[in-house]
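Working through the structure, step by step
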Amino acid sequence: MIWKIAKKEFLLNLMTFKFTVATIVSIVLTVIFVPILAKDYQQRLKTYHDNITGNEAKIQKVKVYKNITPTMYRPPSVLSVFSGGLEKQLADSATVELDKVPEISAAAAQGNPYQVVFPVFDASLIFKIVIGVLALLVAYDAISGERERGTLKLMLAGATRRYEVLLAKLIAGLMVLVVPVTIVFAIGLIILLSFPLVDLTGSDWLRIGLMYLASLIFVSVMYNMGLLFSCLTRRSAISLVLGLFLWIIFAVVIPNGSVYLAAEARPLESQEKIAGQIAALKQEYENEFYSSRPNQPSISQSDGGGEGGFGHGYNRLVNKAGMDYFRQCNRLEYPLKIKYADKYWEVERRYLNSLREQKNLANSLSRISPISLYEGVFSALAGTDMAAFQRFMDGVRMYRIEILQYVRSKTADFSSSSFFSTCTEQQMAEYEKFLGQIVAQVKQAQNQAEIVRLQQATMEWFKTLADPPNLDLRDCPRFASAPGTLGCLRRAIPDLALLIFGNALFFTVAFAAFVRYDVR
Amino acid sequence: MVRQILRKEILENLLSLRFILSLLLAISLFAASGFVFVKRYEKQSQDYWKKINENLTSLSEQSKQLYQLAFYKQGIYKAPRPLTFCVEGFEKSLPDCIRFDAFTSDLPEVRGQGNFVLPHFSDIDWVFIISLILSFVALVFTYDSICGEKEAGTLSLMLAGTVPRYAVLLGKYSAAMLTLGIPLCLGLFVSLIIVISSKEIVISPGEWLKIFTVVLLSFLCLSSFVLLGMFVSSRTAHSANSMVILLLVWVGLVILMPSLGRIASDLSSRNTTQVELHRKLDEASKQISDDADKFGENASSMATDLKSPMNNPPAHARYVTAQMNAKNQVLDEHHREMLAQVSTGRNLACLSPVVIYQRASEAIAGTGINHCVDLRRQIERYQDDLKQYMRGEDAKDPDSLHLIFPEEQCARSWKTISHKPVDFATVPKFQERDLALGQSLKLAIWDIGLLVLFNLVLFAAAFVSFLRYDVR
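Residues numbered from 1 in each chain as written. Chains lettered and ligands numbered in written order. Predicted model: local features only at pLDDT ≥ 70, side-chain atom pairs only at ≥ 80, totals over all residues.

Some details on the overall build of chain B
On a plain count of helices and strands, chain B comes out with 15 helices and two strands. Taken over C-alpha atoms, the radius of gyration comes to 29 Å for chain B, far larger than the 23 Å a tight globule of 472 residues would show. Expressed as lengths along the three principal axes of its C-alpha atoms, the size of chain B is roughly 105 × 45 × 40 Å. Sorting the 472 residues of chain B into buried and exposed places 44% on the buried side. (Helix = DSSP H or I, 4+ residues; strand = E, 2+ residues; numbered from the N terminus. Rg over C-alpha atoms; globule rule 2.2 N^0.38 Å. Buried ≥ 20, exposed ≤ 12 C-beta atoms within 10 Å, placed from the backbone.)

Here you go:
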């Protein structure tokens, strides 16, 4: 009997105006937006590859070890087409520096800060809004509508049990809703795959499969919600109004309100306090460094005048006293800088943790709304949520430690000359000799023009020197970001479970209401 | 007759469930928005005045030597606007600070930023409640205004008499607007009461006028949704179909269209990255330094000793000023590009009355992007005032070279600008001013016109559809 009712309902719904319109709208939206989003992804992927190649080219040009400060880029997630998450909001790169621990930062510094006036668009909006509304529209008159038309009492006059009717309605509703969801996914994927740079791995397919499943569970929650109102009211118009009001609360009020409440309930650490602590630490560092720094001798030096790797300069020539002094200083300064970098980070992390806690609270509060739950599942599966960025930063921090170890091992704990200078012993001797001659001539100079001529002669001499060789960094560790599929799945499971629970809850209450429903 | 229909409609509406639900929702949201605004505004003003005073204290220390005033980088924050309770306009996430000295100002930056890992939601302000909740309520009130009566069989009865169709339409329109006006006005009233009962917030007469304008805009925006509902209702035979169409149109106008703006702005032009900006700046500076001789002999030289024959202060001043102008030009252009990129997106999104309403209200209330742009403009004017003042003070010092140009080292070692102390009370101080209503209206006039146009077109469409409506 269940199947008979389900089949009748399914066919009836398929022929309705609302189904046709909502499906067509979903398809049109998919056809318009997925290419735009895919193109945007492709562009970001291209930029990412360019950056990676640029990094490799830059690392070839490094002349001294101190300059190894590559910037790491986070590969854009192909599934961001389905869920944009925080991808446009957080910075997708981090620079590995000896004296700074990388952390998550806002993306505004990179792009156009005025663009925050636009909300982020992604394909999940089609499910969240259009198909979610369709689910409500299919369900709102499932029971109350039949009562109004007088068919409900006819149906229940026979041997048909009430639970059979309700179950059949649920099955029929789901069968109807599977159609647009499947069509949108299929069309979206076909369009996505038609882009040459888009390449879906096994892990991506698994996550897309789960997204599909999550979408079905989500529309089923919305359907059950509509069914519940239909069982609670006697007139379908009222069940529609109630359903739509609850929908707008779920779609608009809760996601905004939870952010709001979280911001009020858990205030952030004061930025001034953090800045004050960092300033105090910086002072402490300076005191510690300057108190142990050796006395500065008379130094003559010249920089390379050009690129020494990653946009930094380098020391080209230096006299013996200078070389000894710098080596001593570096041996003191860099371990100290690294120690203090960790201290700064400890302080900064407290601020970031307060941001994170606020975000987590907002997420927890918004979990009352199935729409927010669904959003959470999607961004976790797409790898565009906060945790995914956190993972990337953890990776960059690990990589920084590797680089530190590498530089330490190559430069005898920052004390060798190759750490900051390309000047060899022989060049040092030549430089001192040359300087000696020039200084003697300057002393004998009669007028200003003579001095200018000597200055020019010095410049000329520098020009005769051959360019110093680049460092051989083939054994330098390279950064690799792992996809982290398992983590994505783990993060998606709680929200998914809550969505399933929502289904069970709405259906049980609907069932309880229907059992007591006056069918006349 | 219109009045009779109006009365019947209003009574019917007032007794309906949808009215009670929308009233409850609207009042609770407006009240919540009022409370949150008051709390936030008090904190924001405290922070703002603290920062402004810190800036003034540091500036007063610079007045010991005139030249230092020119090179001191002031950090000016956006003043919190009291009208953010009407429309917040993403003030929280937009750039809020500009750092500048007398010669150049940096691009606006986001400094006192809140939580950047949270999604960028607009605050629950009036515009938010009206454009997302009440616009929806407007459709819920009107989706069955024509086709519902037809289904109930009362439409043919009503038109069987001498009632002209336009009277029915006008009656229904006015009734829907009046019914909607109740939750709206009550909500606004509650929100205003909460806001003015706070001691911190003082609303000036000019601001009351602005608030009144925003309320008028709100009615215009809601009216377009009411007309849209009536139009669709008089195009369909069944109220269920009308609801479906309206819901999808609403989703398109209110939710999808603003998001579309982002895509359009992304597609319209590519973001200039920081690296590219620096490259442009370097190129501009190189171009000037390549032509350094154009500014006079030894224009680029700046030996510490003023008497050195290598130095040519006037030429150097011209050279450095040219460099600074080139840099400022690149920065201005970059800023303009960013604004143009956003405005392209917003222009496209203006197919939705909600976006027009948001933009017009932002312009009236002086919040949002306009606020940043206006602050930058005011700072430019202030820089001119500061330079003017410095010229005046500098002229009094016979030891100075009277060359006011952006090179701190020269100012210090060559004394191109006076080193004498000045009376801090006479130094011009930056004070942000809100735009007058006339100027704000000028910014919003096109949007207001568009909203009116939307209303007229939708009214005409609803009228024509209803004239041809088959009432059987």
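Having seen the structure, we can now continue with the description.
Observations concerning the overall build of chain A
The helix and strand inventory of chain A stands at 15 helices and four strands. Relative to its length of 520 residues, chain A is extended, with a C-alpha radius of gyration of 33 Å against a globular reference of 24 Å. The dimensions of chain A, computed from C-alpha atoms along their principal axes, are 120 × 45 × 40 Å. Put simply, chain A has 520 residues, and 40% of those count as buried.

Details of the pairing of strand β2 (residues 97-100) of chain B
All names here are of chain B. With burial as the criterion, only one face of β2 is covered, namely that bearing Ile98 and Phe100; the residues Cys97 and Arg99 on the opposite face remain uncovered. In the sheet, strand β1 (residues 74-77) pairs with β2 via four bridges, with the strands oriented antiparallel. When the sheet's bridge partners are listed, isoleucine 76 is paired in β2 with isoleucine 98. (Pairing = 2+ DSSP bridges.)

Here's the deal with helix α11 (residues 313-349) of chain B
Residues and elements named next belong to chain B. Taking 1.5 Å as the rise per residue, α11 with 37 residues should run 54 Å; its terminal C-alpha atoms sit 53 Å apart, in good agreement. Along α11, the positions that sit buried rather than exposed are His316, Ala317, Tyr319, Val320, Ala322, Gln323, Met338, Gln341, Val342, Gly345, Arg346 and Ala349. Considering only its buried residues, α11 is in contact with α9 (239-268), α10 (274-290), α12 (353-365), α13 (369-395) and α14 (408-413). (Expected span 1.5 Å × (residues − 1). Contact = placed C-beta atoms within 7 Å.)

Comments concerning the interface of chain A and chain B
With 48 residues of chain A in contact, the opposing surface of chain B contributes 50 residues. Broken down by element, the residue count for the side of chain A that touches chain B peaks at 11 residues, all from helix α8 (residues 236-265) of chain A. Of the residues contributing to the side of chain A that touches chain B, the split by class is 36 nonpolar, eight polar and four charged. (Nonpolar A, V, L, I, M, F, W, Y, C, P; charged D, E, K, R; others polar.)

Some details on the environment of alanine 135 of chain A
Here alanine 135 of chain A lies in helix α3 (residues 124-139). Ignoring anything within four residues of it in the chain, the contact list for alanine 135 of chain A reads Leu177, Val219, Met222, Tyr223 and Gly226 of chain A.

Digging into the environment of valine 244 of chain B
When you line up the elements, valine 244 of chain B lands in helix α9. Sequence spacing of valine 244 of chain B and tyrosine 143 of chain B is 101 residues, and the spatial spacing of their C-alpha atoms is 9.2 Å. Residue contacts for valine 244 of chain B: discarding those within four places in its chain leaves Phe17, Lys18, Val21 and Leu137 of chain A.

Points about the confidence of the model for chain B
A residue-level look at chain B finds 99% of positions with pLDDT of 70 or above and a mean pLDDT of 89. Taking the mean pLDDT of every element in chain B, the minimum, 84, falls on α14 of chain B and the maximum, 95, on helix α8 (residues 205-233) of chain B. (pLDDT = per-residue confidence, 0-100.)

Quick notes on the packing of helix α13 (residues 425-444) of chain A against helix α14 (residues 448-464) of chain A
Two numbers describe a pair of packed helices, the interaxial angle and the distance between the axes. All names here are of chain A. Where α13 meets α14, the closest approach of the two axes is 10 Å, and the angle between their N-to-C directions is 170°. What the angle tells us is that α13 and α14 run roughly antiparallel. Only Ile451, Leu454, Thr458 and Trp461 of α14 make contact with α13, whose side of the interface consists of Phe434, Ile438, Gln441 and Val442. The class makeup of the residues in the contact of α13 with α14 is six nonpolar, two polar and no charged. (Axes fitted to C-alpha atoms, helices over the stretch in contact; angles between N-to-C directions. Parallel < 35°, antiparallel > 145°, perpendicular 65-115°, else oblique.)

Re unusual backbone geometry
Residues other than glycine seldom take positive phi values, yet alanine 412 of chain A does so here, at roughly 45°. Judged by C-beta crowding, with 12 C-beta atoms within 10 Å, alanine 412 of chain A ranks as exposed. Positioned with a positive phi, lysine 415 of chain B is a non-glycine residue whose angle comes to about 60°. Tracing the sequence through the fold places lysine 415 of chain B in the loop between α14 and α15 (437-467).

Observations regarding the environment of glycine 436 of chain A
Residues and elements named next belong to chain A. Residue placement: glycine 436 occurs in helix α13. Since 11 C-beta atoms lie within 10 Å of it, glycine 436 is described here as exposed. Glycine 436 sits 365 residues away from threonine 71 along the chain, and the two C-alpha atoms are 42 Å apart.

Comments concerning the packing of α3 of chain A against helix α6 (residues 162-193) of chain A
Residue and element names in this part refer to chain A. Relative orientation of the contacting elements α3 and α6 amounts to 160°, with a least axis distance of 10 Å. In terms of orientation, α3 lies roughly antiparallel with respect to α6. Like other packed secondary-structure pairs, α3 and α6 cross with a definite hand, here right-handed. Contact residues: Ile126, Phe127, Ile131, Leu134, Ala135, Val138 and Ala139 in α3; Gly173, Val176, Leu177, Pro180, Val181 and Val184 in α6. Here the residues of the contact of α3 with α6 sort into 12 nonpolar, one polar and no charged. (Left-handed = near helix turned anticlockwise from the far one by under 90°.)

So, the confidence of the model for chain A
Looking at chain A as a whole, its pLDDT mean stands at 87, while 99% of the residues score no less than 70. Per-residue pLDDT, averaged within each element of chain A, yields its smallest value for strand β3 (residues 301-303) of chain A (74) and its largest for helix α7 (residues 202-232) of chain A (93).

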